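Fold and contact review
Read off the chains here:
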Amino acid sequence: MIRLNQVLDNIRTYHPSADLDTVRRAYEFAAEAHAGQTRRSGDPYVTHPLSVAGIITELKLDVPSVCAGLLHDAVEDTSATVEELTDQFGNEVAFLVDGVTKLGKLPYASREDRQAENFRKMLLAMARDIRVVLLKLCDRLDNMRTLAHLPDEKQERIATETLQIYAPLAHRLGIQWIKTELEDLSFKYLYREEYDALKREVAKTRKERMRYIHDVERLILKEMNRASIRCRVTGRAKHLWSIRQKMKRTERPFSEIHDAIGFRIVTGSKKACYEALGVAHSAWKPIPGRFKDYIALPKPNMYRSLHSAVIGPRGQRIEIQIRTEEMHLIAEQGIAAHWKYKEGKPGVADSDDEKFAWLRQLMEAQNDLKDPTEFIESVKIDLFDGDEVYVFTPRGEVKALPKGACPIDFAYTIHSKVGDHCSGARVNGMIVPLRYQLRNGDTIEIITSPHQKPNKDWLKLIRTSRARTKIRYWLRREERERALALGKDLIEKALRKHSVSYSRALKSGALSRAAAELKCHGIDELTAQIGYGRLMPAQVVELVVPDNKRKKNGAESAEEDGKNPIKQILRKVTQRKTNSGIKVQGQEDILVRHARCCSPLPGDPIVGFITRGRGVTVHRRGCPKSLDLDPERRIEVEWGDKAHVEHQVAIKVLCANKPGLLANLSQSFSDSGVNITQAHCRATDDGRAINTFHANVRDLEQLKAVMRSLIRIKDVYRVDRVVAEA
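What counts and how
Residues numbered from 1 in each chain as written. Predicted model: local features only at pLDDT ≥ 70, side-chain atom pairs only at ≥ 80, totals over all residues. Heavy atoms only, no water. Helix = DSSP H or I, 4+ residues; strand = E, 2+ residues; numbered from the N terminus. Contact = heavy atoms within 4.5 Å. Areas by Shrake-Rupley, 256 points an atom, 1.4 Å probe, with all protein chains shown as cover. Pairing = 2+ DSSP bridges. Buried < 20%, exposed > 50% of the residue type's maximum accessible area, 1.4 Å probe, protein only. Polar contact = N/O pair within 3.5 Å; in protein donor to acceptor, adjacent residues only side chain to side chain. Core = buried A, V, L, I, M, F, W, Y, C linked by side-chain atoms within 4.5 Å. Salt bridge = Lys/Arg side-chain N within 4 Å of Asp/Glu carboxyl O. Phe/Tyr/Trp six-rings, centres within 6.5 Å; stacked < 30°, edge-to-face > 60°. Axes fitted to C-alpha atoms, helices over the stretch in contact; angles between N-to-C directions. Parallel < 35°, antiparallel > 145°, perpendicular 65-115°, else oblique. Nonpolar A, V, L, I, M, F, W, Y, C, P; charged D, E, K, R; others polar.

To continue, consider the overall build of the protein chain. When helices and strands are tallied, the protein chain shows 30 helices and 21 strands. Taking the contacts inside the protein chain whose residues are at least 6 apart along the sequence as the reference set, 66% of them involve residues at least 24 apart. Total accessible area on the protein chain stands at roughly 35,600 Å², and carbon and sulfur atoms take up 48% of it.

Right under this line is the structure:
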């Protein structure tokens, strides 16, 4: 457990003239504010802000940052206010604390919506001062280090959020040591058995691996000295999550992962980096296709280094990274190494600063995307650490795009109008289809047409969140126009039955009053909501047509239907009750269909969409297909007490192709009480077998149980839940 004196000593090492009295005052304020509060571990609560402050000093941040670390939970978890912090510690510290403080208990529809809005708030503060997100990462790291004391459900939720958002965010900011630790801690809590098994495998070979690392370090240094290149060489084993991802990507067990060791050569100049690369390739045979020059083409997070893989001593594959001391500092500390705010520039959105193009893209996304679920999905795509391809505009400008990107992605990086009217592309002077996947070094020229417009098929081709956001916006605008036309038609027909004209209701203000009564912002929204099926024309009739003029025929049913428009519209579809076990706005007898694209199970977070003529379609929350649908048609649904119907799922098992193993897999299903309805098994050329089982399960817990049982079987490498094509 870190003490205040250790925090102060850490600050002195990099900032000898720091105002330590302010840090002491911040600690005393935090200790008093959190007095009587304890953590789940039983420790006094103040140990958490103190630990966060300690991590902040490892990033060598300034005194206001350390003070904010000590005070970061004071506003959220105690009676302290932002105004009080401003009075005692100044605007700077108060702003940083407010930036990492979660939003109050506002009535969000779901936990996911709250998460998205909290992240949006942090992002806005981060655009003004990058230290806000550095504080949040330090806070999250300490929370992950002490996650063992929380219930399993919270462990899984927090670890998932960390792996999907905060570890990629640390990577984007270039802080590799925080990214690595967050990934390994998330791995530990999300895939505990897999984590423990891999940790044991790695531990078995630790002594041999360390001996090999020391031997290769000496060999590399000897070769560099012979070429008169002054440098230092360090070797390290890849961290557990990185090894696990390599195993999944290559579909191989740990015993067949031969390049789990990497070496860094740190030189004195950029020129020496390229000379060292030549020496390494002369001494050991390079592996084709594994060389990457991030010095000439830096990553968006400022990372610069030469990467190569060679067949090293004893025939083992090793990875080599070559960089200067400055590049190494940035690779480890990232944005924290720049101390941008020391220059009096707390913001990061400088128009000429390419280092933060990704942040400006996130800011653009938060402006464009009002729907919280879609916003957080866009954030995950932008932060995802995938391979990149570097392509050129006809003028020679470099554009970095995710691997698998197509000309449509490229078009939207130029301008949204270029993307909207993209009809084709020339790559290296040749016409290519829009589905063409861009490759390193391609020169792209976009062909546009005023008659071309985005369509749903584009969503299957693109990889960037910017393109996805713009295409969805276009499609939803068209859908809204259709909803407005349909809604107006339905209102006109409903009013006509009672001898009231639409134009008269509009001129008299009756429709405006009806819109206000139904909590719609104007007549257009009222009309669109009816077109989408969220409101019923009968509700408008009830508010627009006076009682004495309303025709008796149908009036009573209109009043009844107005109380539950969802139920009324779905009753037109079918009279039968469903046994899906899903409640729609508290009702359990509404027609519900499960989306085939994600096959939701009881226990999965779900969301519904109204579909005229087909009831409510239920998707797993976060399903990519559901995010392509218009949020205007979204309706909150939940699993009811009757959710005991069995649902079919598909489970893919990758294993060795050995006699008797299929029988063991079948027995594992049987022992878990799960019935296999269909199986497809095939052997591969490398001695493996890919088995896809279709089975009936009650809920998510039973699915997880059978998957845990399968992964425990010897010679089973991987078990995944798969879904059918939509």
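Next up on the list: the sheet that holds strand β16 (residues 634-635). What holds strands together in a sheet is hydrogen bonding between their backbones, with the strands either parallel or antiparallel. Spatial ordering of the open sheet is given by β13-β15-β14-β16, a layout of 4 strands whose pairing is mixed. Edge strands, defined here as strands with exactly one partner in the open sheet, are β13 (592-594) and β16. Of the pairings in the sheet, the one linking strand β14 (residues 606-611) to strand β15 (residues 615-620) comprises 6 bridges and is antiparallel in character. Across the sheet, the residue bridging to T611 is G615, located in β15.

This part takes up the environment of R244. Considering the arrangement of structural elements, one finds R244 in helix α14 (residues 240-250). By relative accessible area, R244 is classed as buried at 6%. C-alpha separation for the pair R244 and F187, spaced 57 residues apart in sequence, amounts to 9.0 Å. The residues touching R244, leaving out its near neighbours within four places in the chain, are F187, Y191, E194 and L198. At a separation of 3.0 Å, a polar atom in the side chain of R244 contacts the side chain of Q245.

This part takes up the nonpolar core. Nonpolar side chains in soluble globular proteins tend to end up buried together. Within the largest apolar cluster, 60 residues are counted, with the highest numbers of intra-cluster contacts made by V23 and L71. Per-element tally for this core: the top contributor is helix α9 (residues 131-145), with 8 residues. Among residues more than four places away in sequence, those in contact with V23 are L4, L8, I11, V63, V66, C67 and L70. With 25 residues, the next largest nonpolar core counts A272, W284, I320 and I322 among its residues.

In this section: the pairing of strand β19 (residues 675-683). Across 8 bridges, β19 lies against strand β20 (residues 688-697) in antiparallel orientation. Bridge pairing links H680 to T692 in β20. What sits between β19 and β20 in their antiparallel hairpin is a turn of 4 residues, with G687 showing a positive phi close to 80 degrees.

Scanning all chains against the criterion turns up 27 salt bridges. Between K179 and E183 there is a salt bridge, and its shortest N-O distance comes to 3.8 Å. Of the two residues, K179 and E183 are both situated in helix α11 (residues 176-190); the distance of 4 residues between them amounts to about one turn of the helix. One salt bridge connects R620 with D604, and the closest N-O pair in it is separated by 4.0 Å. Of this pair, R620 sits in strand β15 while D604 sits in the loop between β13 and β14; the two residues are 16 residues apart in sequence, bridging distant segments of the chain. Residue R620 is classed as partly exposed on the basis of its relative accessible area, which comes to 25%. Members of the salt-bridge network, linked through shared partners, are D62, E92 and R131.

Attention shifts here to the side chain of H328. Within the secondary structure, H328 is located in helix α16 (residues 325-333). Of the residues examined, H328 reaches a relative accessible area of 16% and is grouped as buried. Setting aside chain neighbours within four positions, we find H328 in contact with R232, R264, V266 and R323.

With respect to the helices and strands, the residue L137 is situated in helix α9. Taking the C-alpha atoms as reference, L137 lies 9.2 Å from K179; in sequence the two are 42 residues apart. In this structure, L137 is in contact with Y166, A170, L173, I175 and L182, ignoring residues within four places of it in sequence.

A word on the pairing of strand β5 (residues 306-311). On any regular strand, side chains alternate: one points to one face of the sheet, the next to the other face. Along β5, 5 of the 6 residues are buried, which leaves the element largely enclosed by surrounding structure. The sheet contact formed by strand β3 (residues 285-286) and β5 spans 2 bridges and is antiparallel. The residue of β5 that forms the bridge with K285 is I311. Here strand β4 (residues 292-293) runs beside β5; their pairing, made up of 2 bridges, is antiparallel.

Further remarks concern unusual backbone geometry. Within the chain, S228 stands out as a residue other than glycine whose phi angle is a positive 60 degrees. Assignment of secondary structure puts S228 in the loop between α13 (206-226) and β1 (231-237). Positive phi values are uncommon outside glycine, yet D715 reaches one of about 75 degrees. Its location among the elements puts D715 in the loop between α30 (700-711) and β21 (716-722). A relative accessible area of 21% places D715 in the partly exposed class.

We now examine the packing of aromatic side chains. This model, assessed by the stated rule, comprises 7 aromatic pairs. With a centroid separation of 5.0 Å and 55 degrees between ring planes, the pair formed by F669 and F693 is classed as tilted. Taken together, the residues span a long stretch of sequence, with F669 in helix α29 (residues 661-671) and F693 in strand β20 at a distance of 24 residues. The burial state of F669 is the same as that of F693; both residues are buried. Through pairs of rings, three or more aromatic residues link up here, namely F187, Y191, Y195 and W241.

To continue, consider the packing of α11 against α14. Packing of α11 against α14 leaves a shortest axis separation of 8 Å and a crossing angle of 70 degrees. Comparing the axis directions of α11 and α14 gives the class roughly perpendicular. Judged by residue contacts, E183, D184 and F187 of α11 engage L240, W241 and R244 from α14. The class makeup of the residues in the contact of α11 with α14 is 3 nonpolar, no polar and 3 charged.

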